[in-house]
Amino acid sequence: MNEYDLIIIGGGVAGCSAAITARQRNLTTLVLYAGDGALGKTKLIDNYPGFPHVAGPDLLQHLRNHASSMGAELTRALVRRVMPLGDNFSVLAGNDLFMGKSVILAMGTARVRMLEGEEELVGQGVSYCATCDGMFYRGGTVLVIASDHEAIEEAMYLSTLAKVLYVKERPHDTSELPEAITQLPGNPLSLKAVGEQIVLTTNEGEVSADGVFVLRPAVAMTQLIPEVEVQGNKLVLDSDLMTSIPGVYAAGDIAGAPLQAAKAAGEGNIAVLAAARYLTKKSATSIGVSS
Ligand SMILES: Cc1cc2nc3c(=O)[nH]c(=O)nc-3n(C[C@H](O)[C@H](O)[C@H](O)COP(=O)(O)OP(=O)(O)OC[C@H]3O[C@@H](n4cnc5c(N)ncnc54)[C@H](O)[C@@H]3O)c2cc1C
């Protein structure tokens, strides 16, 4: 398993800014990013220092080039789960596991709208990770609720274990779905447990299965790292941008208003310097140096 001093989740302004300074501090750094985030959707930015009148995607490319030229590893993958393991963290991205000594959450504001009844069934028939939980349904029937084309690969993996029913939550091209996977009509509305089965209600009716895999391009914070403290829907952060879990920091839009690129860059910097101090302290403690 690959191990890093720092794993940054999100490859937008905050994540790239953190990665640049992390490399200056000589931290081995992995940036995992699912897509282009808010900056990728921004036609023109006029208030980012040093780059007047810049297109969001161009600025993003400069930031990513800068981070990788400093030696950060940038990998495109959706992070599904961050698990505290002792004082390290295991990060599940796509189908791969990475280990980090510290983590920066820089996932922007992507909100996940869950189906009615979904949250209560997580771990009790509802899963977000085919690789993690697919085996539990070997020989049974699973329902895939899919938001984009990337769900097809996961559904194909599940079809090697179980009968797969596929319902779209958002429109996407499913021409590559193999015949063995049955695509159902209807828009997903709610989930409920009935005996051992999970029942999905759509606007076309009901369908039941042994398990449900909800495959979206974003993951709700409560699923990604349920151990972290939130108040309302805001992360609880200290002045170093550390969350309630030592070694886990947040930066950028995810850390709150103002939702601005320059603020995200600044917070990436604050969070990574705090993470570097945390790592120095941690390694001093592990070799028995008292401060
Ligand atoms: C239309 C529009 C116009 C704007 N105009 C301006 C402007 O003029 N000036 C200004 O300063 N700001 C502007 N903003 C805001 C600015 O774009 C954001 O403040 C800034 O991009 C925030 O940076 P960030 O790194 O926090 O998040 P983002 O840029 O949103 O990056 C988030 C990153 O996290 C990734 N991610 C999310 N979930 C996961 C996951 N589970 N696993 C892996 N990766 C994940 C995303 O794929 C992305 O790479 C605008 C925003 C929009 C939408």
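How each quantity is defined
Residues numbered from 1 in each chain as written. Predicted model: local features only at pLDDT ≥ 70, side-chain atom pairs only at ≥ 80, totals over all residues. Heavy atoms only, no water. Domains from an automatic or database assignment. Contact = heavy atoms within 4.5 Å. Buried area = accessible area lost by both parts, 1.4 Å probe. Salt bridge = Lys/Arg side-chain N within 4 Å of Asp/Glu carboxyl O. Near = heavy atom within 4 Å. Polar contact = N/O pair within 3.5 Å; in protein donor to acceptor, adjacent residues only side chain to side chain. Helix = DSSP H or I, 4+ residues; strand = E, 2+ residues; numbered from the N terminus. Nonpolar A, V, L, I, M, F, W, Y, C, P; charged D, E, K, R; others polar. Axes fitted to C-alpha atoms, helices over the stretch in contact; angles between N-to-C directions. Parallel < 35°, antiparallel > 145°, perpendicular 65-115°, else oblique. Left-handed = near helix turned anticlockwise from the far one by under 90°. Buried < 20%, exposed > 50% of the residue type's maximum accessible area, 1.4 Å probe, protein only. Phe/Tyr/Trp six-rings, centres within 6.5 Å; stacked < 30°, edge-to-face > 60°. Lys NZ or Arg CZ within 6 Å of the ring centre and 35° of its normal.

Caption draft 1: Representation of the domain arrangement of the protein within the structure. By domain assignment, the protein separates into domain 1 (2-111 + 219-286) and domain 2 (118-215). On a C-alpha basis, the centroid separation for the pair domain 1 and domain 2 is 30 Å. With five residues of domain 1 at the contact, the number on the domain 2 side is eight residues. Surface buried jointly by domain 1 and domain 2 totals about 600 Å² across both partners, of which 44% is contributed by carbon and sulfur atoms. The largest share of the area that domain 1 buries against domain 2 comes from Arg80, Asn95 and Gln223, three residues that together contribute 74% of it. Counting across the domain 1 and domain 2 interface gives one salt bridge. The partner of Glu154 in a salt bridge is Arg80, with the nearest N and O atoms 3.5 Å apart.

Caption draft 2: Here's a closer look at the site of the ligand. Within the structure, the ligand sits among 31 residues, and Gly35, Ala38, Val79, Asp253 and Ala261 are positioned closest to it. At 3.1 Å, a backbone N or O of Gly11 approaches an oxygen atom of the ligand. Val79 places a polar main-chain atom, nitrogen or oxygen, 2.8 Å from a nitrogen atom of the ligand. Sorting the residues of the shell around the ligand by element identifies α1 (13-24), β2 (29-33), α2 (37-40) and α8 (261-286) as the ones contributing at least two each. A per-element tally of the shell around the ligand places α2 first, with three residues. Residues that form the shell around the ligand fall into these classes: 18 nonpolar, 10 polar and three charged.

Caption draft 3: Representation of the packing of α1 against α8 within the structure. Viewed as axis vectors pointing N to C, α1 and α8 meet at an angle of 40°, and their least axial separation amounts to 7 Å. In terms of orientation, α1 and α8 fall into the oblique class. When you trace α1 past α8, the crossing you get is right-handed. Between α1, through Val13, Ala14, Ser17, Ala18, Thr21 and Ala22, and α8, the contact on the second element is made entirely by Ala261, Ala264, Ala265, Gly268, Asn269, Val272 and Leu273. Counted by class, the contact of α1 with α8 contains nine nonpolar, four polar and no charged residues.

Caption draft 4: Inspection of the packing of α1 against helix α3 (residues 56-69) at higher detail. Where α1 contacts α3, the two axes come as close as 8 Å, and the packing angle between them is 25°. Here α1 lies roughly parallel to α3, going by the angle between them. When you trace α1 past α3, the crossing you get is left-handed. Residue-level inspection shows Val13, Cys16, Ala19 and Ile20 of α1 in contact with α3, the latter providing Leu63, Arg64, His66 and Ala67.

Caption draft 5: Looking closely at the side chain of Arg216. Mapped onto the elements of the fold, Arg216 is located in the loop between β14 (211-215) and α7 (221-224). On the basis of relative accessible area, Arg216 is assigned to the buried category, the value being 10%. A polar side-chain atom of Arg216 sits 2.7 Å from a polar atom in the side chain of Glu118. Not counting chain neighbours up to four residues away, the residues in contact with Arg216 comprise Leu78, Val112, Arg113, Met114, Leu115, Glu118, Tyr128, Ser147 and Glu169.

Caption draft 6: A look at the packing of aromatic side chains. In total, this model carries three aromatic pairs according to the counting rule given. Where Tyr48 meets Phe51, the ring centres are 6.2 Å apart and the plane angle is 55°; that geometry is what we call tilted. Geometrically, the ring pair formed by Tyr137 and Phe213 is edge-to-face, given 5.7 Å between the ring centres and 85° between the ring planes. Of this pair, Tyr137 sits in the loop between α5 (130-133) and β8 (141-146) while Phe213 is found in strand β14, placing the two residues 76 residues apart along the sequence. Owing to a relative accessible area of 14%, Tyr137 belongs among the buried residues under this scheme. Residue class for Phe213 comes out buried when judged on its relative accessible area of 0%. Geometry around Tyr33 places Arg64 over its ring, the cationic atom sitting 4.1 Å from the centre.

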